[in-house]
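# Fold and contact review
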Amino acid sequence: MKKPKIKKPNLKGAASKSVEKAKNLNLRRRKTTEQKVDEAISNVPRITNETVNEHREDVLSSARKYIYPLQHSKHKIVRISLGIFAAVVLTFLVLTTLSLYKFQSTGGFVYDVTKVLPYPVAKAGSSWVSYESYLFEIRRNMHYYTTQQQSDFSTKDGKAQLKLLKAQAMAQVVEDAYVKQLAQQNGVTVSDKQVDEQITLLQNQNRLGNNPRVFRDVLSQYWGWNEADFKRELKQQLLKQAVVTKLDTQANQQASKALVAVKSGQDFGQVAAQYSDDAQTKGTGGQYPNPIASNDRNISPAITAELAKLKPGETSGIINTGYTLEIVKVIEKNGDSVKAAHIQINLKDISAYTAKLQKEKPVHYYIKVEKQPAQPQQ
């Protein structure tokens, strides 16, 4: 019996057909992709000179839907930031105002704030009195009593002392405001050069320490000041003296009469007895009780400087010490000391002029202080 023939599969032919089928499939896929690209390209509008403006507007309009929300967000952020900033500033101003006017703080922070923001503490006539000037005065006195007198302003006695210091500081800055008004009315000024000359005079007589470093240390230790603070205070003092000198015509006339009498040959002692306001020396021919050294702190630096220039027997012109008008005569010199005599004409206190102005243009205070003393301590 014959075995049936088993037909072997044509593997080679099948493989060839599969490869061919795959090739056809790839061709169809490639063709489909190419067709899609062609279709996409065919949909792209052609840009010509006639259609460029229209195409630009289409592109911009498509972008605006993304730009406008972004701009809106930026504006919102700016508004929120400004609102927060305004709230912070307002809070800062409210707290500072409460610290100054309700609690009357004298701390360093509020003092620095008043250097920038012109808070008023009073109005003297037509002049605003700055809170900064008030704190400048009170803080230097507080520093002195704390460091040199060991005062404790938190105690009952310390609080009472602080009230007095505040009253004195207020009286001082109000007086300074009226002095500046008088100076302006009468054309009186003090230049920085005059301030520097006064400092040089004091330094030459060793009244500000034996070197600049010692001077700065003394200012810091006693008053909590720097050199600029000292110059500021000195300038105000010189302005006050210049105003009094200008307004006190009676003292000027008396000093002029005394000088004319001395220069005409009259006896110096007799002229001193007639014109001098120094009750201690007018009965002794105007002679100082003790020899005067160049750095004598009991004598005005302007007088000691003039005595150093004169020879025995010579007399000076009118010397303005800021508080008196004086004429001096050198009797004898012995090394660095001078035996001398003087004729002293007292100038009026500045309050004689500021009180009148204050009566005409009263003060309006913005903080409550104790009753002002008649004459503030210098």
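Data block above holds the structure.
First, a word on what this report is: a plain description of the structure on this page.

Reading guide: rules and limits
- Residues numbered from 1 in each chain as written.
- Predicted model: local features only at pLDDT ≥ 70, side-chain atom pairs only at ≥ 80, totals over all residues.
- Heavy atoms only, no water.
- 1 Å grid on protein atoms, 1.4 Å probe; cavity = no way out; pocket = protein on both sides within 12 Å on 5 of 7 lines; lining within 4 Å.
- Points joined across faces, edges and corners; volume = space filled by probe spheres on them.
- Helix = DSSP H or I, 4+ residues; strand = E, 2+ residues; numbered from the N terminus.
- Nonpolar A, V, L, I, M, F, W, Y, C, P; charged D, E, K, R; others polar.
- Phe/Tyr/Trp six-rings, centres within 6.5 Å; stacked < 30°, edge-to-face > 60°.
- Buried < 20%, exposed > 50% of the residue type's maximum accessible area, 1.4 Å probe, protein only.
- Lys NZ or Arg CZ within 6 Å of the ring centre and 35° of its normal.
- Salt bridge = Lys/Arg side-chain N within 4 Å of Asp/Glu carboxyl O.
- Pairing = 2+ DSSP bridges.
- Axes fitted to C-alpha atoms, helices over the stretch in contact; angles between N-to-C directions.
- Contact = heavy atoms within 4.5 Å.

## Considering the layout of surface pockets
Here the largest pocket defines a volume of roughly 1,200 Å³. Sort the elements by how many residues they give to the lining of the largest pocket and helix H8 (residues 227–247) lands first, with seven residues. Residues belonging to the lining of the largest pocket are distributed by class as follows: 17 nonpolar, 12 polar and five charged. Volume-wise, the second largest pocket comes out at about 370 Å³. Every residue lining the second largest pocket is counted, 17 residues in all, and those nearest its centre are Ser 133, Asp 176, Lys 180, Arg 232 and Gln 236. The set of elements that each furnish at least two residues to the lining of the second largest pocket consists of strand E2 (127–130), helix H4 (131–147), helix H5 (156–185) and H8. In terms of residues, the lining of the second largest pocket owes the most to one element, H8, which gives five residues. In terms of residue class, the lining of the second largest pocket is made up of seven nonpolar, four polar and six charged.

## Some points on the packing of aromatic side chains
Counting across every chain of the model gives 11 aromatic pairs. For the ring pair Phe 215 and Phe 230, a centre distance of 5.2 Å and an interplane angle of 85° mean the geometry is edge-to-face. Within this pair, whereas Phe 215 is found in helix H7 (residues 212–223), its partner Phe 230 is found in helix H8, the two being separated by 15 residues in sequence. Using a relative accessible area of 15% as the deciding quantity, one classes Phe 230 as buried. Three or more aromatic residues link up through ring pairs in this structure, and these residues are Phe 136, Tyr 144, Tyr 145, Tyr 222, Trp 223 and Trp 225. Here the guanidinium or amino end of Lys 123 rests over the ring plane of Trp 128, the centre of that ring lying 4.6 Å away. If you follow Arg 232 out to its NZ or CZ, it ends over the ring of Phe 136, 4.0 Å from the centre.

## Observations concerning the pattern of salt bridges
Summed over all chains, the structure comprises eight salt bridges. Across the pair Glu 137 and Arg 140 runs a salt bridge whose closest N-O atoms are separated by 3.0 Å. Taken together, the positions of Glu 137 and Arg 140, both in helix H4 and three residues apart, correspond to about one turn of that helix. In this structure, Glu 137 and Arg 140 share a single accessibility class: buried. The residue Lys 240 makes a salt bridge to Glu 175 at a minimum N-O spacing of 3.1 Å. In this pair, Lys 240 sits in helix H8 while Glu 175 sits in helix H5, placing the two residues 65 residues apart along the sequence.

## A short note on the sheet that holds strand E1 (residues 120–124)
One open sheet holds the three strands; their spatial order is E2-E1-E7, and the pairing between them is antiparallel. The open sheet is flanked by E2 and strand E7 (363–365), the only strands paired with a single partner. Looking at each pair of strands side by side, their axes are set apart by 25° on average, direction ignored. Across the sheet, H5 lies against E1, E2 and E7, angled at about 50° from E1, the strand it touches most.

## Thoughts on the sheet that holds strand E6 (residues 337–346)
With respect to topology, four strands assemble into an open sheet ordered E3-E6-E5-E4, the strand pairing being antiparallel. With one partner strand each, in any of the chains shown, strand E3 (292–293) and strand E4 (319–320) form the two edges of the open sheet. Pairing of strand E5 (residues 324–334) with E6, which is carried by 10 bridges, proceeds in the antiparallel orientation. Among the inter-strand pairings, Asn 334 is bridged to a residue of E6, identified as Ser 337. Relative to E6, helix H10 (residues 268–275) is tilted by about 35°, and along the sheet it contacts E5 and E6. The strands touched by helix H11 (residues 301–309) are E3, E4, E5 and E6; relative to E5, the strand with the most contacts, the crossing angle is about 40°.

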